[in-house]
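Fold and contact review
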Amino acid sequence: MTPNKRIVLSSDHTALEMRQAIADHISAQGWEVVDIGPTTTQSTHYPAHGAAAAQRVASGDCRFGIIICGTGQGIMMAANKVKGIRCGVCTDGFSARMIRQHNDANMLSLGVRVVGEGLALDIVDAFLGADFEGGRHATRVDMIEPLG
Ligand code: RB5
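Residues numbered from 1 in each chain as written. Predicted model: local features only at pLDDT ≥ 70, side-chain atom pairs only at ≥ 80, totals over all residues. Heavy atoms only, no water.

Let us look at the sheet that holds strand β5 (residues 107-111). Ordered by their spatial adjacency, five strands build an open sheet running β2-β1-β3-β5-β4, and the pairing between neighbours is parallel. Both edges of this open sheet fall to β2 (32-35) and β4 (87-89), since each of them pairs with a single strand only. The sheet shows a mean angle of 20 degrees between the axes of neighbouring strands, taken without regard to direction. The pairing of strand β3 (residues 64-69) with β5 spans five bridges and is classified as parallel. (Pairing = 2+ DSSP bridges. Helix = DSSP H or I, 4+ residues; strand = E, 2+ residues; numbered from the N terminus. Axes fitted to C-alpha atoms, helices over the stretch in contact; angles between N-to-C directions.)

What follows is the structure, encoded as structure tokens:
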């Protein structure tokens with residue numbers, strides 16, 4: 001079976017430049033980017049963009065999602081409301097690796113007002129470069145979904 005190499009990207013109005021930098025970076029690594037906007041800096045609402053990206057992941061259309069808002073927090077909260085989504089905000093590579101290895105995260109959230117572009121790309125690399133370890137972590141991850 002061909003692995004799903006598709007990643008959905010979205011943000012609110014604060015992060016168009018960072019989103020493009022991530023799109024360029026991961027495209028060069030062979031990921032197929034599905035950028036669902038927004039395309040202008042006109043003020044918009046992060047829950048709509050977080051949910052839209054999350055639905056692409058939850059449906060299986062995209063393997064992972066990367067979402068960005070000012071802090072990464074609001075858009076993460078919205079994404080995590082979609083069934084099947086495990087999204088964490090990361091400000092460092094260690095956490096980004098761990099949310100894949102231990103939490104089987106399928107979405108990564110970044111704060112454009114918190115991390116610079118270079119660090120954001122490092123975080124993305126750590127996230128995409130790590131695999132879920134399963135085992136005892138699978139037992140714990142399986143306990144998340146029934147919570148709501
Ligand atoms: C928008 O100003 C800001 O509130 C948003 O990007 C985000 O930080 C919310 O969590």
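With that settled, the discussion passes to the site of the ligand. Asp 12, Thr 14, Tyr 46, Cys 69, Gly 70, Thr 71, Gly 74 and Arg 113 make up every residue found near the ligand. Here an oxygen atom of the ligand and a backbone polar atom of Gly 70 are 2.7 Å apart. Take Arg 113: an N or O atom from its side chain is 3.4 Å from an oxygen atom of the ligand. Here the ligand, which alone exposes 300 Å², has 72% of that area covered by the protein. Here the shell around the ligand is composed, by residue class, of two nonpolar, four polar and two charged. (Near = heavy atom within 4 Å. Polar contact = N/O pair within 3.5 Å; in protein donor to acceptor, adjacent residues only side chain to side chain. Areas by Shrake-Rupley, 256 points an atom, 1.4 Å probe, with all protein chains shown as cover. Nonpolar A, V, L, I, M, F, W, Y, C, P; charged D, E, K, R; others polar.)

This part is about the nonpolar core. A general tendency of soluble globular proteins is for nonpolar side chains to be buried together. Within the largest apolar cluster, 25 residues are counted, with the highest numbers of intra-cluster contacts made by Ile 22, Ile 26, Ile 66, Leu 108 and Leu 110. Those elements giving two or more residues to this core turn out to be β1 (6-11), α1 (16-27), β3, α4 (93-101), β5 and α5 (117-128). Sorting elements by how many residues they give to this core places α5 first, with seven residues. Contact partners of Leu 108, with chain neighbours within four places excluded, come to Gly 65, Ile 66, Ile 67, Cys 87, Gly 88, Cys 90, Ile 99, Ile 123, Val 124 and Phe 127. One finds Val 34, Ala 54, Val 82 and Cys 87 within the second-largest nonpolar core, a separate group that totals 15 residues. (Core = buried A, V, L, I, M, F, W, Y, C linked by side-chain atoms within 4.5 Å. Buried < 20%, exposed > 50% of the residue type's maximum accessible area, 1.4 Å probe, protein only. Contact = heavy atoms within 4.5 Å.)

The subject of this paragraph is the packing of α4 against α5. Running from amino to carboxyl end, α4 crosses α5 at an angle of 25 degrees, the nearest separation of the two axes being 7 Å. One way to sum up the angle between α4 and α5 is to call them roughly parallel. As α4 packs across α5, the resulting crossing turns out to be right-handed. From α4, Gly 93, Ala 96, Arg 97, Ile 99 and Arg 100 reach across to α5, where they touch Ile 123, Ala 126 and Phe 127. The residue inventory of the contact of α4 with α5, partitioned by class, reads five nonpolar, one polar and two charged. (Parallel < 35°, antiparallel > 145°, perpendicular 65-115°, else oblique. Left-handed = near helix turned anticlockwise from the far one by under 90°.)

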